[in-house]
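Architecture at a glance
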Amino acid sequence: MKTVMVIPTYWGRRSDEGWQVGDQIYDHPTPIDKEGTLARTLESMKILDNKDFDLVILVAVTAPELREEACNKVKQIVQKCNPPVATYVFANHHLDKIKKIYDTNGQDNLKDLLLLEGYSNIRNMCLYTAFLLKADVVVLIDDDEIFEDSQFMDKAHEFIGGRLHGQTVDGVAGYYLNKYGNYYDDVTIEPWMTFWNRFGSKSKAFDKIIRGKPRLKLTPFAFGGCMIIHRNLFTVVPFDPNVPRGEDIDYVINSRMFGFNFFLDNQLAIKHLPPAKNHPVWQRLRQDIYRFFYERAKIRTQYEQPNMIMVKAEDFDPYPGEFLKDDLEDKIFKTNIILALDYLSNNKIGDCKATIKNIYLTKYDAEPKENVFEKFLMAHDRWEQLLSFADENSKELDAVMESCLIQEEKTASKTQPPKTYTYERLLLKISDLPFFRSLNSEEIQHISNIGELKKFKENETIVREGDEDNALYIIISGTAKIMKKHKATQEMVQLAELKKGEHFGETSLFTSKSTNYLADVIAEEPTEVLIISKKDLMEFFAKNHRSSVKLLLYLMKKLNDRLEDLTEMYTNIRMKNIDLSKIIEKI
């Protein structure tokens, strides 16, 4: 699967200037005169075992006048760190070129979806640039994180796009580790949080979803800096461009509405070491107020739509569900009163007034005036139009992305074998293969236990002509070709190709005599094969009568199909050798 990792990096005014009214609000943008944390993230990337991905770095700024300086600074950081993958630096001047392509083709009505301003818009640009690079999977990472697990990318790929107990794995959330190595938010609990127990709700959610087995669980939350999204999902569902913050969890809600599944992988973690937040508490609280009002309104204003699912706040308990219910106003009122008194006791009169204003805004402004659900549906429709246009005009847009490339890919050997499957990944991958579809999860586990998983490099022989035919071989990933030496020319001739899910060796199950392979089977690319010996499979059949009937009927049908194909092929060859002119003369 083509994979693209996208890292947005945020830059602000010089440290002696600070944030100014009218600037974009981000939690901790790096002052343009500082180095920031991006280099640390890029350096840590070098420990990754799997470097088979492209990297896109999006440059976002708090003020337009910083755009050129920030882009140049990011390029310098990338060149200095020399990431081990093809690296693109995408900034506003690249975005302007893309907008111009839409504009000149009469699609200027879609340009407002293309913005490097605001968290949700920037996340959509992560998806959009990955789409332009033909990604099957996009990995979202933030610039204040550190890779400590060398297998991070292997784990990111393990489940995405597969099926788990009949459910598609469309998105996978990892989680953050703090400086102490645990998954809780690194915050000090203060009195104003008494009724705004967001961190307590998050802790309950983290314990419920992250802790313990199974490894994958359906999740009500996600972390924007550790999200894995499959193309099937991101080409349909965008981040909601109107949500003020909390776009990651909002994306899980949006995905659920469209029938997609987001799971959390409790083995997929990344160290999160954010700088201190500079904005006052009342301001961050105000953003959360607007965010929760917006998300609650989206759920409340739902109505039945084809191919969509009605969701409710309780579906996302304990977090964010506990902040999407009828008592939200009460939480906000009590919290802001306590915070205002706290400011007042410290003689911070301006902050106290701003906090009291939060209560006013809750009553008169925070509740969305428009139908939020309908507004999101419109954004969804326009998102699909945006990507459809990109697909049709890929040549022009590809040229823009090529202009962003500043670090060439470091190629790896194509003959490198695929990574070994974990047991859970094996179960996930094989459960949707034709051979296993009629079995329940317990039966699938039983067969996977008696099978042996082997990996083969490109052009490596899986079985040779003359080898004993005493096992069933199932292609788990990759492709293989069946080759036979032509007697007259002594050249190797390809008889057939076996793709993922196909198998060979089943004839050994229907004969008591020992037979041998009449051709070679060779891996065309890195390929993984599940090998089940005849003896072990027969023992399974003896203990599982219901399963044996289903599997044997399936295998008999496959053999019958192949016999019909062979008969048709033989007939066609015979017909070619008949002199039709002599037949016509006899008529």
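These notes cover the structure that comes with them. (Residues numbered from 1 in each chain as written. Predicted model: local features only at pLDDT ≥ 70, side-chain atom pairs only at ≥ 80, totals over all residues. Heavy atoms only, no water.)

**Observations regarding the sheet that holds strand 14 (residues 452–456)**
What the four strands build is an open sheet, ordered 14-23-17-20; its pairing is antiparallel. With partners counted over all chains shown, the strands left at the sheet margins are strand 14 and strand 20 (503–504), one partner each. Bridge count for strand 14 against strand 23 (residues 527–533) is five bridges, and the pairing is antiparallel. The partner of F456 across the bridge, within strand 23, is T527. Contacts from helix 16 (residues 534–543) reach strand 17 (471–477) and strand 23 within the one sheet, and its direction differs from that of strand 23 by about 65°. (Pairing = 2+ DSSP bridges. Helix = DSSP H or I, 4+ residues; strand = E, 2+ residues; numbered from the N terminus. Contact = heavy atoms within 4.5 Å. Axes fitted to C-alpha atoms, helices over the stretch in contact; angles between N-to-C directions.)

**Focus on the sheet that holds strand 22 (residues 520–523)**
With respect to topology, four strands assemble into an open sheet ordered 15-22-18-19, the strand pairing being antiparallel. Looking along the sheet, the strands with just one partner apiece sit at the ends: strand 15 (461–463) and strand 19 (492–498). Here the strands of the sheet are splayed against their neighbours by 35° on average, with no regard to which way each runs. As judged from the two bridges shared by strand 15 and strand 22, these two strands associate in the antiparallel manner. Across the sheet, V463 pairs through a bridge with V521, a residue of strand 22.

**Quick notes on helix 2 (residues 67–81)**
With 15 residues, helix 2 should cover 21 Å at 1.5 Å per step; its first-to-last C-alpha distance of 21 Å lies within 8% of that length. On its buried side, helix 2 packs onto strand 1 (3–12), helix 1 (38–44), strand 3 (54–61), strand 4 (87–90), helix 3 (92–104) and strand 13 (405–407). The positive-phi residue at the C-terminal boundary of helix 2 is N82, with phi of around 55°. (Expected span 1.5 Å × (residues − 1).)

**Quick word on the pairing of strand 1**
Within strand 1, ten of the ten residues are buried, which leaves the element mostly enclosed by the surrounding structure. Where burial is concerned, the two faces of strand 1 agree: the one with T3, M5, I7, T9 and W11 and the one with V4, V6, P8, Y10 and G12 are both buried. In terms of strand pairing, strand 1 meets strand 3 through eight bridges, oriented parallel. Across the sheet, residue V4 finds its bridge partner in strand 3, namely D54. (Buried < 20%, exposed > 50% of the residue type's maximum accessible area, 1.4 Å probe, protein only.)

**Comments concerning the state of the cysteines**
For the coordinates displayed, the defined rule picks out zero disulfides. Unpaired in this structure, C226 has its nearest cysteine sulfur neighbour in C126, at a distance of 14 Å. The buried category is assigned to C226, whose relative accessible area is 0%. (Disulfide = S-S within 2.5 Å.)

**Brief notes about the nonpolar core**
Most often, soluble globular proteins keep nonpolar side chains buried together rather than apart. Among the nonpolar cores identified, the biggest contains 138 residues, and Y128 and I229 are the most heavily contacted of them. If you tally residues by element for this core, the top one is helix 4 (residues 119–132), at nine residues. Discounting chain neighbours no more than four positions away, the residues touching I229 are L127, D136, V137, V138, L140, I160, D170, F234, F239, Y251 and F262. Among the nonpolar cores identified, the runner-up in size contains 19 residues, and L433, I447, I476 and L555 belong to it. (Core = buried A, V, L, I, M, F, W, Y, C linked by side-chain atoms within 4.5 Å.)

**Quick notes on the pattern of salt bridges**
Across all of its chains, the model carries 37 salt bridges by this definition. A salt bridge links D186 to K179; its shortest N-O distance comes to 3.8 Å. D186 gets classed as partly exposed once you look at its relative accessible area, which sits at 45%. The partner of K312 in a salt bridge is D315, with the nearest N and O atoms 3.3 Å apart. If you follow the salt bridges from partner to partner, you end up with D27, R198, R245, D288, R291 and E295 in one network. (Salt bridge = Lys/Arg side-chain N within 4 Å of Asp/Glu carboxyl O.)

**Quick look at the side chain of H230**
Relative to the helices and strands, H230 resides in strand 11 (residues 226–230). Setting aside residues no more than four positions away along its own chain, H230 makes contact with M1, D136, V137, I160, G161 and D170.

**Things to note about a nonpolar patch on the surface**
Together, L341, L344 and I349 line one region of the surface with nonpolar side chains, adding up to about 270 Å² of accessible area. Within the secondary structure, L341 sits in helix 10 (residues 328–345). (Patch = residues over 30% accessible without salt bridge, like charges linked within 9 Å, V, L, I, M, F, W, Y side chains within 5 Å. Areas by Shrake-Rupley, 256 points an atom, 1.4 Å probe, with all protein chains shown as cover.)

**Some remarks on the packing of helix 8 (residues 247–257) against helix 9 (residues 281–300)**
In contact at an axis separation of 11 Å, helix 8 and helix 9 are set at 5° when each is read in the N-to-C sense. The orientation of helix 8 with respect to helix 9, classified from their angle, is roughly parallel. Here helix 8 contributes I249, D250, I253, N254 and M257 to the contact with helix 9, which in turn contributes R291, E295, K298 and I299. Along the lines of polarity and charge, the residues of the contact of helix 8 with helix 9 split into four nonpolar, one polar and four charged. (Parallel < 35°, antiparallel > 145°, perpendicular 65-115°, else oblique. Nonpolar A, V, L, I, M, F, W, Y, C, P; charged D, E, K, R; others polar.)

**Overview of the packing of aromatic side chains**
Per the stated rule, a full pass over the model turns up 26 aromatic pairs. On the numbers, 5.6 Å between centres and 70° between planes, the contact of Y10 with Y119 is edge-to-face. With Y10 in strand 1 and Y119 in helix 4, this residue pair connects regions lying 109 residues apart in the sequence. Comparing Y10 with Y119, the two get one shared label, buried. Ring centres of W196 and F323 lie 5.1 Å apart, and the angle between their planes is 70°; this geometry places the pair in the edge-to-face category. One end of the pair, W196, is in the loop between strand 9 (171–177) and helix 6 (198–209); the other, F323, is in the loop between helix 9 and helix 10, with 127 residues separating them in the sequence. Taken individually, W196 and F323 each receive the classification buried, so the pair is uniform in this respect. The lysine or arginine in question, R198, covers the ring of F199, its NZ or CZ lying 5.1 Å from the ring centre. Directly above the aromatic system of F293 lies the positively charged group of R296, at a separation of 5.0 Å from the ring centroid. (Phe/Tyr/Trp six-rings, centres within 6.5 Å; stacked < 30°, edge-to-face > 60°. Lys NZ or Arg CZ within 6 Å of the ring centre and 35° of its normal.)

**Considering the environment of Y10**
Looking at Y10, the relative accessible area reads 9%, which means it is buried. Remark: the alpha-carbon pair of Y10 and P29, spanning 19 residues in sequence, is separated by 4.8 Å.

Geometry only, nothing functional implied.
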